[in-house]
Amino acid sequence: MGGILHSTVNQNKMRTKHLLLSLITLIASLDLSFSQIPIGYYYDADGMPIEGFFDLINYHPQNIVDVSPNALYYESGCYYSLDGERHAGFIKYDNNDFYFTSKLSNQGVILNPNNVKGLRVGVDSFFVALVPTLQPRHTGAKNQDPVFLHHVALTDDYHFAIHYYNTSGYAVNYLGKDAITKVYCFKKHDKLHWRSIPKNKKQFSDLWLDIFEEDSLLKARLEDKVYSINDALNLIKVYEYQFRLMNDKEIDLDPNWQELSSGGEKRYSGRIINKVDSIWTINYYDENGMIYSVEYSSFFPHIKNGVFLAFDSNQKLRLKSKFKNNSMITTQLFSSNGRNKYAYVKQRETSTSKQTLKYIDVDGVSRDELYSDKIVQVNFYDSIREVEIVKDFKFGKLISSHFDIDGTKIYQMCDPNFNLGLDYFTQKAKGYFKNKSYKESSKDGVEGIILTSFLINSKGIPFKFEILNELDPEINVLYEEFLNRSMGNLKFKPYKVNSKKVIYEVVVPLKFSFNRYYRESAFEMFNSYPYWNDNFYRNEIPVRKINEHIPKFID
């Protein structure tokens, strides 16, 4: 029979470990950027650890409350008239038309592609062009007319864009993105006209074989017709990133990790360091230096295959993970002195098919102790929350994690196989947010994740909550109002430790974004479409001669 074997770490070593953890947490907490938000050590609805910090680009939970209203609100933007004059105000999309108003209290007017040179809505740029290969059903016009194209990427050789249209018969605010069809378009700079990218697999592959003429790996895959029109955005960004790698061009990003083409509020930058076969290495920086280094195999969506490194504000490694197809395989957590705090492997047990975290190293615990049949208790001090957390290990697995509040033992939900039961909560949240007004947050293009810690009693009833991060004042107030009104009616599944129902803590992530057909949230894509360049249209010729025009960005 297994008893309790306390860690052999002596009191001095334990105090030293607490001090190191406190120092690194304090230092990191001074950096209040959007990249590494100090929140403390929690477990989320997947039963996966949040290791002290919320890293947006490295957080992909399976269990998440998704609130994405199909709201047709105005967003900050501008348009350019034919004479090149810039008109600032607010823009929204309603079915196949863009509406502009200089004041939210005024009624909007339709922006006609024949009368404007382009527009910006939120973080997205649209310009006007003729695309002869577009069919009337793609434009809603009887004859060939100029259309709005959404800028995607620009290199020395090509310009890529997307045209959108709605022929579903349903309003966008009813079906959301499902009502919209995309047509990918491109133009080679030495050619006169824009063309649509063909959907036929052979024609699609032939086009990209010509574009990627010097990339033998992609050419081999294209020759096998592995790619289809659904991969168009991914291939466009791969081509753009190859251009950036060869020309040592950085990727500028705003506070929400949206790409910037030029201008805008730059918060981060990315530098493509290397490409080996299909694996790309990108380092990300803020004003203090490097914060992440990531290995990707694909973009839009960004697929992590390889190593993810996170650094603290002193440029010291704090976390190292290995990924396969965006799924975490191993993670190591480090102290400020470079010492390994603990490391674990995510694996599936062959006998039960259950997921488990197998700890392969815990500071202060020998391997024999960690893998013994006796429970090993290790204390960790979370200085952000100012709480002592006790973790119980057995056979290399985390059996339980708990802390005390005023003499009450609170367990952390650390079982990756536990079903929290989020359906009812999600239904209530969606219904609440659906009927609210978002004039302020919509015009500012708010999107992101709110993390909320719940304390839940042995019957599954939450009795206390704490919102851990700020998304937007309007959204946070609405969410807190929802939680205060709903706490008495919410219910999750009871959590058991050693077959006994216990009081427990869990973090529930809520993703909020406006369901706009032309934009993916940073959470979904990590990077979305490029930011607006206010110089984009300044030196262009009138739209009536647009078939002779080669649109360019002015850096």
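Here the residue numbering is sequential within each chain, running from 1 through the sequence in written order. Per-residue local features are limited, in this predicted model, to residues with pLDDT of at least 70; the limit for side-chain atom pairs, both in listing and counting, is 80 or more; totals at the level of whole chains, interfaces and linings are taken over all residues. Hydrogens and waters are ignored; side-chain quantities use all the structure's heavy atoms.

1. Topic: the overall build of the protein
Alright, step 1. For the protein, the helix and strand inventory stands at 11 helices and 33 strands.
Alright, step 2. Buried means the residue's accessible area, taken with a 1.4 Å probe over protein chains only, is under 20% of the maximum for its type, while exposed means over 50%, and partly exposed covers the values in between. In the protein, which comprises 555 residues, the proportion classed as buried is 55%.
Alright, step 3. For the protein, restricting intrachain contacts to residue pairs at least 6 apart in sequence, the fraction spanning at least 24 positions comes to 55%.
Alright, step 4. Only the protein chains shown count as covering a residue, and every accessible area follows the Shrake-Rupley method with a 1.4 Å probe. Accessible surface for the protein amounts to roughly 25000 Å². Of this, 47% is attributable to carbon and sulfur atoms. Under the scheme used here, helices are H or I runs from DSSP no shorter than 4 residues and strands are E runs no shorter than 2 residues, and both carry numbers assigned from the N terminus. Pairs of residues are marked as contacts when any of their non-hydrogen atoms sit within 4.5 Å.

2. Here we look at the side chain of Asn469
Alright, step 1. With respect to the element layout, Asn469 can be found in the loop between strand E30 (462-467) and helix H10 (473-486).
Alright, step 2. For the purposes of these results, a polar contact is taken to be a pair of N or O atoms within 3.5 Å, where, inside protein, one atom must be able to donate a hydrogen and its partner to accept one; residues adjacent in sequence count only when each atom of the pair is a side-chain atom. A polar contact of 2.8 Å, which involves the side chain of Asn469, links it to the backbone oxygen of Ile449.
Alright, step 3. Once residues lying within four places of it in the same chain are set aside, the contact partners of Asn469 are Phe54, Ile449, Ile450, Leu451 and Asn476.

3. Some points on helix H6 (residues 232-247)
Alright, step 1. What a helix should span is 1.5 Å times the count of its residues minus one. The terminal C-alpha atoms of H6, which comprises 16 residues, lie 23 Å apart, in line with the 22 Å expected from a rise of 1.5 Å per residue.
Alright, step 2. Counting buried positions over the 16 residues of H6 gives 13, a clear majority of the element.
Alright, step 3. Positive backbone phi, approximately 50 degrees, marks Asp248, located one or two places after H6.

4. Some points on the pattern of salt bridges
Alright, step 1. The term salt bridge refers to a pairing of a side-chain nitrogen on Lys or Arg with a carboxyl oxygen on Asp or Glu at a separation within 4 Å. Summed over all chains, the structure comprises 14 salt bridges.
Alright, step 2. A salt bridge links Arg318 to Asp55; its shortest N-O distance comes to 2.7 Å. Taken together, the residues Arg318 in strand E21 (residues 317-324) and Asp55 in the loop between strand E3 (49-54) and strand E4 (65-67) connect sequence positions 263 residues apart. Take Arg318 and Asp55: they sit in the same class, and that class is buried.
Alright, step 3. Where Asp66 meets Lys511, a salt bridge forms, and the shortest distance between an N and an O atom there is 3.3 Å.

5. Regarding the packing of aromatic side chains
Alright, step 1. Put simply, two rings from Phe, Tyr or Trp (the six-membered ring, in Trp's case) pair if the centres are within 6.5 Å, and we call them stacked under 30 degrees between planes, edge-to-face over 60, tilted for the rest. One pass over the full model with this rule turns up 44 aromatic pairs.
Alright, step 2. Consider the rings of Tyr93 and Phe98, whose centres lie 5.6 Å apart with planes at 70 degrees: the pair is edge-to-face. Note on accessibility: Tyr93 and Phe98 belong to one class, buried.
Alright, step 3. Taken together, a centroid distance of 6.4 Å and an interplanar angle of 75 degrees make the contact between Phe308 and Phe323 edge-to-face. Of the two residues, Phe308 sits in strand E20 (residues 303-311) while Phe323 sits in strand E21, which places them 15 residues apart along the sequence. Here Phe308 matches Phe323 in class, with each residue buried.

6. As for helix H4 (residues 201-211)
Alright, step 1. Within H4, burial applies to Phe204, Ser205, Leu207, Trp208, Leu209 and Ile211.
Alright, step 2. Buried residues in H4 make contact with strand E12 (158-165), strand E13 (181-188), helix H5 (216-223) and H6.
Alright, step 3. Where H4 starts, the residue carrying a side-chain oxygen 3.0 Å from the main-chain nitrogen of Lys202 turns out to be Asn200.

7. Re a positive patch on the surface
Alright, step 1. Excluding any residue in a salt bridge, patches collect residues exceeding 30% relative accessible area, merging like charges within 9 Å and nonpolar Val, Leu, Ile, Met, Phe, Trp and Tyr side chains within 5 Å. Lys and Arg are tallied as positive, Asp and Glu as negative. Neither His nor the chain termini are counted. For charged residues, the charge sits on one atom: NZ in Lys, CZ in Arg, CG in Asp, CD in Glu. Where like charges cluster on the molecular surface, the positive patch consists of Lys459, Lys491, Lys496 and Lys501.
Alright, step 2. Examined against the element boundaries, Lys459 turns out to sit in the loop between strand E29 (448-456) and E30.

8. Section: a negative patch on the surface
Alright, step 1. On the surface, Asp156, Asp157, Asp190, Asp210, Glu213 and Glu214 cluster together into a negatively charged patch.
Alright, step 2. With respect to the secondary-structure elements, Asp190 resides in the loop between E13 and strand E14 (195-196).
Alright, step 3. Residue classification places Asp190 among the exposed positions, given a relative accessible area of 59%.

9. Concerning the sheet that holds strand E9 (residues 116-121)
Alright, step 1. Across the sheet, which stays open at both edges, the 10 strands sit in the order E8-E7-E6-E5-E9-E10-E11-E12-E13-E14 with antiparallel pairing between neighbours. Only two strands of the sheet have a single neighbouring strand rather than two, namely strand E8 (109-111) and E14.
Alright, step 2. The sheet contact formed by strand E5 (residues 75-81) and E9 spans 5 bridges and is antiparallel. Pairing of Tyr79 across the sheet is with Leu119, part of E9.
Alright, step 3. On the sheet, H6 packs against strand E11 (147-154), E12 and E13 and is oriented at approximately 45 degrees with respect to E11. Here, a strand pair is defined by DSSP locating no fewer than two bridges between the strands. All axes here are fitted lines through C-alpha atoms, helices being fitted over the stretch that makes contact, and every angle between N-to-C directions spans 0 to 180 degrees.

10. With respect to the pairing of strand E24 (residues 355-362)
Alright, step 1. The pairing of strand E23 (residues 340-348) with E24 spans 7 bridges and is antiparallel. By the bridge assignment for E24, Tyr344 is matched with Tyr359.
Alright, step 2. In sequence, E23 turns back onto E24 through a hairpin of 6 residues, with Ser353 there showing a positive phi of about 65 degrees.

11. Re the packing of H4 against H6
Alright, step 1. Their axes nearest at 12 Å, the elements H4 and H6 cross at an angle of 5 degrees. Classified by the angle their axes make, H4 and H6 are roughly parallel. Contacts from Phe204, Trp208 and Ile211 of H4 reach H6 at Ala232, Leu235, Ile236 and Tyr239.
Alright, step 2. Classification used: nonpolar for Ala, Val, Leu, Ile, Met, Phe, Trp, Tyr, Cys and Pro, charged for Asp, Glu, Lys and Arg, polar for all others including Gly. A breakdown of the residues in the contact of H4 with H6 according to their chemical character gives 7 nonpolar, no polar and no charged. If an angle is under 35 degrees, it is roughly parallel; if it is over 145, roughly antiparallel; if it lies from 65 to 115, roughly perpendicular; otherwise it is oblique.

12. Comments concerning the nonpolar core
Alright, step 1. Counting residues in each nonpolar core, the largest one holds 131 residues, and the members touching the most others are Trp208, Phe425 and Tyr504.
Alright, step 2. Examining the composition of this core, we find that 7 residues originate from one element, H6, more than from any other.
Alright, step 3. Excluding residues that lie within four positions of it along the chain, Trp208 makes contacts with Phe160, Ile197, Leu222, Ala232, Leu235, Ile236 and Tyr239.
Alright, step 4. Among the nonpolar cores identified, the runner-up in size contains 11 residues, and Val131, Tyr165, Val183 and Cys185 belong to it. Definition of nonpolar core: a set of buried residues of the types Ala, Val, Leu, Ile, Met, Phe, Trp, Tyr and Cys, connected through side-chain atoms within 4.5 Å.

13. Quick word on the packing of H4 against H5
Alright, step 1. Relative to each other, H4 and H5 sit at 165 degrees, their axes nearing to 9 Å. Relative to H5, H4 is oriented roughly antiparallel. Note that H4 runs across H5; the crossing there is left-handed. For the pair H4 and H5, contact is made by Ser205, Trp208 and Leu209 and by Lys219, Leu222 and Glu223, respectively.
Alright, step 2. A per-class count over the contact of H4 with H5 returns 3 nonpolar, 1 polar and 2 charged. If you view the pair so one helix is near and one far, a crossing is left-handed when the near helix is turned anticlockwise from the far one by less than a right angle, and right-handed when it is turned clockwise.

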